[in-house]
Amino acid sequence: MSSNEGYHNKIEPGGGSAGDEQSSSSGARGSHGSAASAAAATSTQLHQQILNENTYLKASKQAYFSDEKVLIPDDDRTNIGFSFRKLWAFTGPGFLMSIAYLDPGNIESDLQSGAAAKYKILWVLLWATVLGLLMQRLAARLGVVTGLHLAEMCYRQYKRLPRWILWIMIEIAIIGSDMQEVIGTAIAIYLLSNKVVPLWGGVLITIVDTFTFLFLDKYGLRKLEFLFGFLITVMAITFGYEYIVSAPNQGAVMEGMFVPWCSDCNSDVLLQAVGVVGAVIMPHNLYLHSALVKSREIDRRQPKKVSEANFYFFIEASIALFVSFIINLFVVAVFAHGMYGKTNRDVLDVCANKSMYEDAKLSFTDNHNLTDIINADLYKGGLFLGCTFGAAAMYIWGVGILAAGQSSTMTGTYAGQFSMEGFLNLQWPRWCRVLVTRCIAIIPTFCLAMFSKMEDLTNMNDILNAVMSLQLPFAAIPTIAFTSCAAIMGEFVNGIGNKIVAILLTIVVIGVNLYFVVVQVEALQIEGGMLALVCIFAILYIIFVIYLVIHMAACMGNKWLMNSRWVQRWVLPSQNSFSIKNANSTYASDVALVVGDKTNPTDKPLDTVSEKIAQ
């Protein structure tokens with residue numbers, strides 16, 4: 001056997017193993033013919049137990065790429081050097097992934113950071129995007145090398161209770177993101193309809209438009225990717241227009257982007273910087289990206305093809321996140337230039353004699369004679385642009401927010417689909433999946449929109465950012481664990497440098513996000529029994545994170561943990577000991593099934609890494 005006998009023996013979590021079958025057939029040593037016959041029978045049985053390369057689900061039950069994969073060109077013109085034809089073939093998954101960096105929650109975080117800190121924390125946005133790229137790279141490599149996405153790998157590598165907890169946490173992140181998208185879309189419709197459609201009406205409309213968009217994937221994978229590209233283009237044009245008409249100081253923008261310093265920054269600015277990091281890196285996005293890369297036809301028997309796919313997917317993801325960063329930069333700069341240091345009175349003075357003056361009077365209010373600094377949100381941002389640059393700027397802003405909400409809704413739907421398929425080995429029809437997720441997201445949002453004010457929706461956005469920040473370890477730790485395991489990744493395993501950088505950056509991001517959560521909890525002024533519940537949750541949360549860290553250390557090859565009886569019993573899956581016989585073997589190597597002391601190297605080798613892991 002190659003690489004890892006535990007993986008080769010594994011058939012399905014909780015089930016029997018091929019090793020049991022091999023030991024039961026070892027009595028067939030009497031003759032070479034009987035041994036070869038037993039080996040062939042065992043090989044046939046193992047292949048029958050693999051439903052397909054990607055998952056235990058049948059092909060007809062998988063997500064949108066199951067019956068249509070993009071072929072990668074391979075001819076004499078593209079075998080040497082960089083190929084734009086190949087890059088075009090690999091283009092798609094990275095841009096779908098990048099939409100999570102452009103959802104309404106991110107856009108609101110951008111305008112708030114600009115209004116609160118001007119250009120001083122643009123460098124935080126830049127490095128948060130770079131960090132996001134590093135994490136997305138690891139998630140994509142996992143999907144490319146193994147043919148399994150992150151949720152499917154969690155199903156194989158965690159025991160039942162931990163993987164159920166992981167699934168619940170990721171579902172909470174998806175629902176939280178969905179609520180932000182509902183809020184953003186409702187506000188955009190409210191602006192674009194000139195208040196004809198109330199907020200609660202916009203919330204209800206999001207149910208219908210989501211199902212409408214879902215039908216578009218029936219026209220083909222590439223057309224669906226083109227649709228997402230179109231929505232990103234709409235955001236780039238609309239927010240770029242606002243950037244041009246506002247004309248911020250370019251030198252100040254460059255300084256804020258590349259000088260990592262924040263002079264005279266108070267605690268509010270620090271909190272905005274923390275919020276930027278928390279809003280940019282979405283936990284469910286790692287699960288999404290690791291699944292989207294499976295939509296390309298990659299021959300995993302050839303390490304060269306796997307390396308090539310990793311290379312082009314990284315370039316594509318880099319381009320996509322660069323585009324998302326530019327769009328976020330537009331938003332920050334527009335409101336840094338126009339809103340920074342402004343009071344509610346300043347905005348009302350600008351809005352005087354404008355058509356939206358009455359709306360501005362209701363929105364830009366405070367209890368200190370309009371002398372408070374603006375508390376910015378998506379709706380106030382639209383009114384400010386309309387008062388400052390004309391009604392056209394307000395409507396263009398609404399179109400951009402609408403595009404952000406619609407595109408994020410679709411990617412969130414797919415993230416939920418992949419999560420359910422992977423963690424539960426279960427697949428629902430997309431319409432059913434969307435109905436459940438969207439209804440859970442809409443009920444509290446609808447109640448707020450119906451019975452509360454616009455400010456309450458903004459406050460909900462802050463709470464949702466804190467909730468999603470809590471979920472980040474449940475995506476980042478498994479991603480690092482699996483990509484650092486030689487038994488899973490083979491020669492594509494993370495090197496020492498990658499491991500150190502990934503772990504340190506993850507610690508920083510998780511620490512930053514936890515600080516943001518603590519601040520938000522303190523702002524809620526929780527007391528009594530609710531505070532006790534929060535403390536109990538915090539203790540359980542820390543214990544589970546420590547559990548995941550122990551599993552990650554075992555994946556990385558810590559022998560003391562791997563040999564610990566407690567870890568073997570409670571942490572590691574029972575079929576897998578992480579013992580590595582030949583970590584340097586390539587995926588093109590033949591896999592010889594051992595029957596007693598005989599081998600059958602002529603038997604058909606397992607075709608892909610995921611077939612090895614599935615067993």
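As the structure is a prediction and not an experimental result, all values here were calculated from the model.

Caption draft 1: Structural detail: the overall build of the protein chain. Scanning the protein chain from terminus to terminus reveals 28 helices and 2 strands. Relative to its 615 residues, the protein chain shows a buried fraction of 57%. Put simply, 82% of the contacts in the protein chain that link residues at least 6 apart link residues at least 24 apart. Counting only carbon and sulfur atoms, one obtains 64% of the accessible surface of the protein chain, whose full area is about 25,000 Å².

Caption draft 2: Geometry of the pattern of salt bridges. Within this structure, the stated rule accounts for 7 salt bridges. The closest approach of N and O atoms between Glu-152 and Lys-294, which form a salt bridge, is 3.0 Å. Within this pair, whereas Glu-152 is found in helix H8 (residues 150-157), its partner Lys-294 is found in the loop between helix H14 (283-292) and helix H15 (303-339), the two being separated by 142 residues in sequence. A single burial state applies to Glu-152 and to Lys-294, both of which are buried. Note that Glu-358 is salt-bridged to Lys-361, the shortest N-O span being 3.7 Å. Note that Glu-358 and Lys-361 are positioned in helix H17 (residues 357-363) at a spacing of 3 residues, about one turn of the helix. Among the residues examined, Glu-358 registers a relative accessible area of 49% and is labelled partly exposed. Shared partners join several salt bridges into a network, and the residues in it are Arg-222, Glu-225 and Arg-296.

Caption draft 3: Highlighting the state of the cysteines. Here the structure, examined in full by the defined rule, presents 1 disulfide. At a sulfur-sulfur separation of 1.9 Å, the disulfide partner of Cys-351 is Cys-387. Between Cys-351 and Cys-387, the S-S dihedral sits near 105°, and the bridge is therefore right-handed. Here the residue Cys-351 occupies a position in helix H16 (residues 344-351), and Cys-387 occupies one in helix H18 (residues 378-389), the gap between them amounting to 36 residues. The class for Cys-351 is buried, based on a relative accessible area of 0%. Given a relative accessible area of 1%, Cys-387 falls into the buried group.

Thresholds applied
Residues numbered from 1 in each chain as written. Predicted model: local features only at pLDDT ≥ 70, side-chain atom pairs only at ≥ 80, totals over all residues. Heavy atoms only, no water. Helix = DSSP H or I, 4+ residues; strand = E, 2+ residues; numbered from the N terminus. Buried < 20%, exposed > 50% of the residue type's maximum accessible area, 1.4 Å probe, protein only. Contact = heavy atoms within 4.5 Å. Areas by Shrake-Rupley, 256 points an atom, 1.4 Å probe, with all protein chains shown as cover. Salt bridge = Lys/Arg side-chain N within 4 Å of Asp/Glu carboxyl O. Disulfide = S-S within 2.5 Å.

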